[in-house]
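Tertiary structure, described
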Amino acid sequence: MPSVDLPKRPGWARAKRVTMSGLSVSRRALLGGAAAIGIGGAALRGSAAAATVGSGVAMPLGNLPGWKQTIAEDFNTAIPLGGFVASPTTYGELAQNCAAYATYGKRLGVYGNGSANTYGYYDVSKTLSTSSSVLDTYLHVDPATSRRVSAAVFPLRGGLQNSHTYGRWSYRMRSYNATGSGWGCATLLWPADDKAWPASGEIDWPEGDIKAQPLGMPGKINGFFHPRDATNGWEGTVQIPSLNGMWTNWHTFTIEWLPNSLKVYLGTQLVMARTSHVPSTPMRWVSQTGPNNDALGRPVLPSGSSHVQIDWVVAYDPA
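Residues numbered from 1 in each chain as written. Predicted model: local features only at pLDDT ≥ 70, side-chain atom pairs only at ≥ 80, totals over all residues. Heavy atoms only, no water.

1. Structural notes on the overall build of the chain
This is how the line gets drawn: The helix and strand labels rest on DSSP assignments: H or I over at least four residues marks a helix, E over at least two residues marks a strand, and numbering proceeds from the N terminus. A 1.4 Å probe rolled over the protein chains alone gives each residue an accessible area, and that area as a share of the maximum for its type sets the label: buried under 20%, exposed over 50%, partly exposed in between. Residues count as neighbours in contact if any of their non-hydrogen atoms are within 4.5 Å of one another. The Shrake-Rupley method, run with a 1.4 Å probe, gives the accessible areas here. Residue values count only the displayed protein chains as cover.
In terms of helices and strands, the chain carries two helices and 22 strands. Counting all 319 residues of the chain, 59% fall into the buried class. A separation of at least 24 residues holds for 73% of the contacts in the chain among residues at least 6 apart in sequence. When the accessible area of the chain is evaluated, it comes to approximately 11900 Å², of which 53% is carbon and sulfur surface.

2. Considerations on the pairing of strand S20 (residues 269-274)
The line we're drawing: The rule for pairing is simple: two strands pair if DSSP sees at least two bridges between them.
In this structure, strand S19 (residues 261-266) lies alongside S20, joined through five bridges in antiparallel fashion. Across the sheet, Val264 pairs through a bridge with Met272, a residue of S20. Linking S19 to S20, which pair antiparallel, is a turn of two residues; within it Gly267 sits at a positive phi near 65 degrees.

3. Things to note about the pattern of salt bridges
Here is the rule: Basic side-chain nitrogens of Lys or Arg form a salt bridge, by our definition, when they fall within 4 Å of a carboxyl oxygen of Asp or Glu.
Tallied over the entire structure, the rule returns seven salt bridges. A salt bridge links Arg107 to Glu73, with the shortest nitrogen-to-oxygen separation between them at 2.8 Å. Remark: Glu73 occurs in strand S5 (residues 67-73) and Arg107 occurs in the loop between helix H1 (101-104) and strand S6 (108-110); sequence separation between them is 34 residues. Of the charged contacts, one joins Arg298 and Asp294 as a salt bridge, the two residues approaching to 2.8 Å between their closest N and O atoms. Using a relative accessible area of 46% as the deciding quantity, one classes Arg298 as partly exposed.

4. Quick look at the environment of Asn222
The line we're drawing: Under this definition, polar contacts are N or O atom pairs within 3.5 Å; protein pairs additionally need one hydrogen-donor-capable and one acceptor-capable atom, and for neighbouring residues in sequence, both atoms have to be side-chain atoms.
With respect to the helices, strands and loops of the structure, Asn222 is situated in the loop between strand S15 (202-209) and strand S16 (223-226). Relative accessible area serves as the criterion here: at 2%, Asn222 is assigned to the buried category. Between the alpha carbons of Asn222 and Asp209 there is a distance of 9.0 Å; along the sequence they are 13 residues apart. Of note is the side chain of Asn222, whose polar atom sits 2.6 Å from the side chain of Gln239.

5. Thoughts on the nonpolar core
Going by this rule: Within this scheme, the nonpolar core is defined by two criteria: the residues are buried Ala, Val, Leu, Ile, Met, Phe, Trp, Tyr or Cys, and they are joined through side-chain atoms within 4.5 Å.
Ranked by size, the top nonpolar core spans 48 residues in total, and within it Phe84, Tyr171, Trp205 and Leu262 carry the most contacts. The next biggest cluster of nonpolar side chains, apart from the first, holds twelve residues, and it includes Tyr91, Phe154, Ala186 and Trp190.

6. Remarks on the packing of aromatic side chains
Rules: Paired rings are identified among Phe, Tyr and Trp, the last through its six-membered ring, by centres lying within 6.5 Å, and are further divided according to the angle between planes into stacked (under 30 degrees), edge-to-face (over 60) and tilted (the rest). Working rule: Lys NZ or Arg CZ, within 6 Å of ring centre, within 35 degrees of ring normal, means a charge sits over the ring.
A full pass over the atoms with the stated rule returns ten aromatic pairs. The ring of Tyr121 carries the charged tip of Arg147 above its face, separated from the ring centre by 3.9 Å.

7. Thoughts on the sheet that holds S6
Inclusion rule: Here the axes come from fitting lines to C-alpha atoms, over the contacting stretch only for helices, and the angles between their N-to-C directions go from 0 to 180 degrees.
The strand order across the open sheet built from seven strands is S6-S12-S21-S14-S15-S16-S17, with neighbouring strands paired in antiparallel fashion. Of all strands in the sheet, those bounded by a partner on one side alone are S6 and strand S17 (238-240). Across the sheet, the axes of successive neighbouring strands diverge by a mean angle of 20 degrees, strand direction being ignored. Two elements, S16 and S17, share three bridges in a ladder whose sense is antiparallel. Within the sheet, the bridge partner assigned to Gly223 lies in S17 and is Ile240.

8. Thoughts on the confidence of the model for the chain
Short version of the rule: The predictor's confidence in any single residue is recorded as pLDDT, a number from 0 to 100.
Per-chain confidence: the chain averages 83 in pLDDT, with 80% of residues scoring 70 or above. This stretch, residues 1-52, has a pLDDT under 50; its non-local contacts, to residues over four places away or in other chains, come to 193 contacts.

9. Observations regarding unusual backbone geometry
Among all residues save glycine, negative phi is the norm, and among peptide bonds the norm is trans. Residue Trp197 is joined to Pro198 through a cis peptide bond whose omega torsion reads 10 degrees. For the peptide bond that leads from Trp205 to Pro206, omega is -5 degrees, which places it in the cis range. Here Pro206 is to be found in strand S15. The phi angle at Leu243 is positive, at roughly 55 degrees, despite the residue not being glycine. Looking at where Leu243 falls in the secondary structure, it is placed in the loop between S17 and strand S18 (251-258). Residue Leu243 is classed as partly exposed on the basis of its relative accessible area, which comes to 41%.

Below you can see the structure in the form of structure tokens.
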């Protein structure tokens, strides 16, 4: 597969500090793009696995009114822990000799091995697996290296970039068996050009500590809209309401993005709509995990372990 244009080391760089409703969220990834092959052939192979449902809700298949489906990833092929390995030479791709490559090599991109932040380290070989049509990220302390390991993943679309201007993303996910604290997840649309942030905007849905938020809140989902034309990471930021959704429950999250229109859904319920300062340049979707930050934006040292699970991801372009 051809080389792709990626930063040498994306990570959870501190870029903002947002304080709302007693919460502080201060985490931002410098997200890499990805090589990609669209569902014109490969990704729709997952449609046969729609009957194998990890969360109780089948993956949507086919176009929607006004939308053309471009990604449909159901994680229907089981790969054990250790079967996903990041390419040592082409950042963003799976290694061609790993067990997962035959199935997912042209359908799933991953961050390569390296620092996530002060306390975290991306290593898909220690964290990623698939079973029962669910992608599982196992967040834990690797006994061999004492690193707190995590992962970042993104399904692939057509061409050599995992980015597009405008689209609709839906994905079903949860946290599972969080025995410790301090682990976080951010699933987001991030600008294709890292250097364009913050003026290009950003959409985080969901984002936060997957077990307990600051001030003892028990695993409540949060999200954030960062408007276009901001001069820093907190200017004009709007919190996306969670409707008391919990990380430990399966939820379907949707971001619907069109010119001068942004709609965010939890399940079928609209939780936020914006018509001003909506991003207007290419963005890419990624779900990343790692140590969470404290109220001052400093990475915390996680304890114990946890899992973040994704049942399916679908994406659409405007028809």
